[in-house]
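Each chain, letter by letter, is given below.
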Amino acid sequence: LKSGVAPRKVSPSFCGGTPGCRGSKPSLPTQIHILFAAMRIVYFVTAAAAAELELGDRPIAKVIKLLTDMRTQLQEEADDDKKIYEKMKCWCDTNGDDKNQAVKIAAKEIDALTSVIEEKSALSNQLRVDIGALEGEIKKNTEALEKATDMRKKALAEFNDEEKDLMQSISALKNAIVVLSKHHDSSAAMVSVQSVLKDALGRHSDILKDLLRPSDKKALTGFMQQPFKSYAPQSSQIFGILKQMEEQFEANLSNAQKNEMADQESYTQLKQAKEEEIRAGQDQLAQKKSDMADANDTVAESKEDLEDTQAALSADQQFLVDLGAKCAATDKEYEERQKSRSEEVAAVGEALQMLNSDDAFDLFGKSLSSKSQRTLAEGFVQVGVTRRGKEQAVKDKVAKLLRATGKKAGSSDVVQLAALVQLDGMAKVKEAIDKMIAELNKQQEDEVGHKAYCVDQINQNERQLALGKQNQGILESKLATLENTLQTLKTEIEAAQQEIAETKKQIKRAGEDRSGANNEFQQTVADQRETQYILKKVADRLDQFYKKKEQEESLIQRQPEPGAAAPPPPEGFKDYKKNEGSNSVSVLLQEIIGESKQLEAEAIQAEQDAQTAYEKFVKDSNTSVGDLQKSITDKEEAVAEGESERSSLATDINEQKKSLNRLDETSLDLHHDCDFILENFDERQASRADEIEGLRQAKAILSGADFS
């Protein structure tokens, strides 16, 4: 090393998060840095003097060269610090701007989601109140309809009983009137009349109460109390009373029937009105329940989105807090490092200025002979008891031990402590050693705990990642299977729809063919019948002629010629005779007519068969179309359910991916914070243990022990 001082090793627990960063401890006070710079100069001067004694050259030139190298190294370190600080500054500014923008966006989303939740929650509450009111109204209307129905049933039952009683009473009165009108002399008949009257008076006392006069009641009482052995004609009063009772009962029956019809009509109208109200209420209830379900779904989704957004906002805000603290610490550290290095550079520069002055060179040339140079070098290199005393020897030994320990452990603090040994008293040095040992022991314990934490968290993170990837694989497998099923269903639906379209096309084509065939059939039948008609007319006409001619010839053969001695007629036409082929023509016409009728019958039978086949084809095709449509409906329902399940699976997969991303981020953070500790744990522990042991040996030397 150019400076002759071992490099510092810093704990990763102070790492600021920059890639490649291993962290740094807070800088020592400015006075310590100045002292350390001075000690570095002394160390270099001592080393240069010793080297000069061995080489036989002048030491001043070597010292100046070493100081110049130190200044160059300090400038390079300052440049490196500046590059690191600029990168950190850029990182802080970029991430700060991005996260501030993300916080603003999240705040707007939270406001919007909160507004949606409040609006939909209020709508859901209002719909819940409306649903309660509708359910109460429907219940009220249903109960009113049930009550009216019960009353109608009860009234109908009462009417039926009343109608039955009146009709029985009217029938009994009619029979009694018939008996009385015939002056029946049978005592049994009179007793039956008494029974009818007694039954009527008992059943319908409310009707007869205002109808019968006192004299009528007296006459009836006398008639019913009279014993009948034989009938004795009485006045027509009883007969009239019976007729009056019959008419009154018939009038009451007619009124009851009219009232029943009116009541039934009123009930029907009431039932229709109530059922319409109930149906309208149920439709409104279903709509409001659907609206409330939609509102509740929106609220649930918005709350979930709000929770995610709030979590993201909280994470971004915490990141900004940590970012501010980290960047502020970086600014402060960079400022302190600049200040300390500037002071160190100033010290080196002043030393060079003093050594490079003309006066200094003249003085060195006069005062430093070879012997005096050796004496000066030995004064720097050797730590003799003869010149410094016993206490100084102990301090030199402790300083040497501390320098060796600091160099081995890579601890600049121990090296700086070696410098302080030469300046401070033993008590302060031992106190400083005790503090450093305590701090190192605490670092050992903290590092052991941090390692255990890292191992536990990394193992837990790896288990969660493995489980998450397994779950994601299962979900993706389910989604792939569902996608295949949906594709199959859609393909089958499309095939069924094409088959339906093709079937309908076949039905249409078959209908057109059937229509064409029927037209052809109609034309064929018409042609055959027209042919038959014409041929029959021809045959009839020929038959008419030839039969008439035969009759005429027969008549001519049977009558004599007029005039006995008439001269022979002149030569004229030959005798007209029946054509020899007329019979063949007639027979042939009948054969043709028969063939035409046979063709007509065959055409009719073929038409019937074709129509039957067409109707069966249409029926079977419609059945097939119905089955296919039902299959399409079922498969479309299955597709709808599958689409819903696919959406749910996609949501689950997305959430699982987010979870895996969070776990990956956690894994990166853990490895960023823990890899250095885990990879260098044993080495760091051993190095720190050596450092502690060296400090203890130094303290022991200061306390009187000797490890030489």
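All residue numbers refer to positions counted from 1 along the written sequence of the respective chain. This being a predicted model, a pLDDT of at least 70 is required before a residue's local features are given, and a value of 80 or more before pairs of side-chain atoms are given or counted; all residues contribute to the totals for chains, interfaces and linings. Side-chain numbers come from the whole structure's heavy atoms, not from hydrogens or water.

### Comments concerning the overall build of the protein
Item 1. What counts as a helix is a DSSP run of H or I of at least four residues, what counts as a strand is a run of E of at least two, and both are numbered from the N terminus. The helix and strand tally for the protein stands at twelve helices and zero strands.
Item 2. Secondary structure elements in the protein, listed N-terminal to C-terminal, are α-α-α-α-α-α-α-α-α-α-α-α.
Item 3. With a 1.4 Å probe rolled over the protein chains alone, any residue whose accessible area is under 20% of its type maximum counts as buried; one over 50% counts as exposed, and the rest are partly exposed. Buried positions account for 29% of the 708 residues belonging to the protein.
Item 4. Pairs at least 24 apart in sequence give 83% of the contacts found in the protein among residues at least 6 apart.
Item 5. Accessible surface area values rest on a Shrake-Rupley calculation with a 1.4 Å probe, where residue burial reflects the displayed protein chains alone. For the protein, the exposed area adds up to about 45,400 Å²; of that, 53% sits on carbon and sulfur atoms. Contacts are assigned to residue pairs that have any heavy atoms within 4.5 Å of one another.

### Describing the pattern of salt bridges
Item 1. Put simply, a salt bridge is a Lys or Arg side-chain nitrogen that is within 4 Å of an Asp or Glu carboxyl oxygen. Tallying each qualifying case throughout the model produces 22 salt bridges.
Item 2. The residue Arg-684 makes a salt bridge to Glu-447 at a minimum N-O spacing of 2.5 Å. With Arg-684 in helix α12 (residues 582-703) and Glu-447 in helix α11 (residues 426-558), this residue pair connects regions lying 237 residues apart in the sequence. Per residue, the accessibility class of Arg-684 equals that of Glu-447, and both read buried.
Item 3. Taking the shortest distance from any N to any O, the salt bridge between Glu-643 and Arg-646 comes out at 2.2 Å. One end of the pair is Glu-643 and the other is Arg-646, both in helix α12 and three residues apart, which spans about a single turn.
Item 4. Relative accessible area serves as the criterion here: at 25%, Glu-643 is assigned to the partly exposed category.

### As for a nonpolar patch on the surface
Item 1. A surface patch of nonpolar side chains, amounting to about 280 Å² of accessible area, comprises Tyr-533, Ile-534 and Val-538.
Item 2. Mapped onto the elements of the fold, Val-538 is located in helix α11.
Item 3. Overall, the relative accessible area of 36% leaves Val-538 in the partly exposed class. Here the term patch refers to residues with relative accessible area over 30% and no salt bridge, with like charges joined within 9 Å and nonpolar side chains (Val, Leu, Ile, Met, Phe, Trp, Tyr) within 5 Å.

### A look at the confidence of the model for the protein
Item 1. Residues at a pLDDT of 70 or more form 69% of the protein, whose mean pLDDT is 75.
Item 2. pLDDT gives the predictor's per-residue confidence on a scale running from 0 to 100. Between the elements of the protein, mean pLDDT differs from a low of 42, seen in helix α1 (residues 30-55), to a high of 86, seen in helix α6 (residues 237-356).
Item 3. For residues 366-388, every residue scores under 50 in pLDDT, and the model assigns this stretch 25 contacts once sequence neighbours within four places are set aside.

### Details of the side chain of Gln-444
Item 1. Among the secondary structure elements, Gln-444 is positioned in helix α11.
Item 2. Residue class for Gln-444 comes out buried when judged on its relative accessible area of 12%.
Item 3. Under this definition, polar contacts are N or O atom pairs within 3.5 Å; protein pairs additionally need one hydrogen-donor-capable and one acceptor-capable atom, and for neighbouring residues in sequence, both atoms have to be side-chain atoms. In this structure the side chain of Gln-444 is engaged in a polar contact, spanning 3.1 Å, whose partner is the side chain of Gln-685.
Item 4. Residues within four places of Gln-444 in sequence aside, it is in contact with Arg-684, Gln-685, Arg-688, Ala-689 and Ile-692.

### As for the state of the cysteines
Item 1. For the purposes of this analysis, a disulfide is any pair of cysteine sulfur atoms at a distance within 2.5 Å. The full count for this structure, using the stated rule, is two disulfides.
Item 2. Across the disulfide from Cys-92 sits Cys-327; the S-S distance is 1.8 Å. Here the disulfide of Cys-92 and Cys-327 is left-handed, its torsion about the S-S bond being about -100°. Of the two residues, Cys-92 is situated in helix α2 (residues 59-181) and Cys-327 in helix α6; the sequence distance between them amounts to 235 residues.
Item 3. Overall, Cys-327 belongs to the buried group, its relative accessible area being 10%.
Item 4. Here Cys-454 pairs with Cys-674 through a disulfide, and the sulfurs are 2.0 Å apart.

### Things to note about the packing of aromatic side chains
Item 1. Any Phe, Tyr or Trp ring, taking Trp's six-membered ring, that has another such ring centre within 6.5 Å forms a pair; planes under 30 degrees apart are called stacked, those over 60 apart edge-to-face, and the others tilted. Taken as a whole, this structure holds two aromatic pairs when the rule is applied.
Item 2. When the centroid spacing of 4.1 Å and the interplanar angle of 5° are considered together, the rings of Tyr-85 and Tyr-334 count as stacked. Taken together, the positions of Tyr-85 in helix α2 and Tyr-334 in helix α6 put the pair 249 residues apart, joining distant regions of the chain.
Item 3. Judged by relative accessible area, Tyr-334 falls into the buried class, the value being 13%.
Item 4. Both a distance and an angle decide whether a charge sits over a ring: NZ of Lys or CZ of Arg must be within 6 Å of the ring centre and within 35 degrees of the ring normal. When the ring centre of Phe-319 is taken as reference, the NZ or CZ atom of Lys-99 above it lies at 5.4 Å.

### Regarding the nonpolar core
Item 1. Counting residues in hydrophobic clusters, the biggest one holds 23 residues, and the most contacted among them are Val-193, Leu-197, Leu-242, Met-245 and Phe-249.
Item 2. Broken down by secondary-structure element, the contributors of at least two residues to this core are α2, α3 (187-203), α4 (205-208), α5 (214-225) and α6.
Item 3. Residues in contact with Phe-249, not counting those within four places in the same chain, are Leu-166, Ser-169, Ile-170, Leu-173, Ala-200, His-204, Ile-207 and Leu-208. Among the buried residues, those of types Ala, Val, Leu, Ile, Met, Phe, Trp, Tyr and Cys that are joined through side-chain atoms within 4.5 Å form a nonpolar core.

### What about the environment of Asp-81?
Item 1. Mapped onto the fold, Asp-81 is located in helix α2.
Item 2. Relative accessible area serves as the criterion here: at 12%, Asp-81 is assigned to the buried category.
Item 3. Ignoring sequence-local partners within four residues, the contact set of Asp-81 consists of Tyr-334, Arg-337 and Arg-341.
Item 4. Of note is the side chain of Asp-81, whose polar atom sits 3.1 Å from the side chain of Arg-337.

### Here's the deal with the environment of Val-429
Item 1. Position of Val-429 relative to the elements: it lies in helix α11.
Item 2. For the pair Val-429 and Ala-698, spaced 269 residues apart in the sequence, the C-alpha separation amounts to 9.6 Å.

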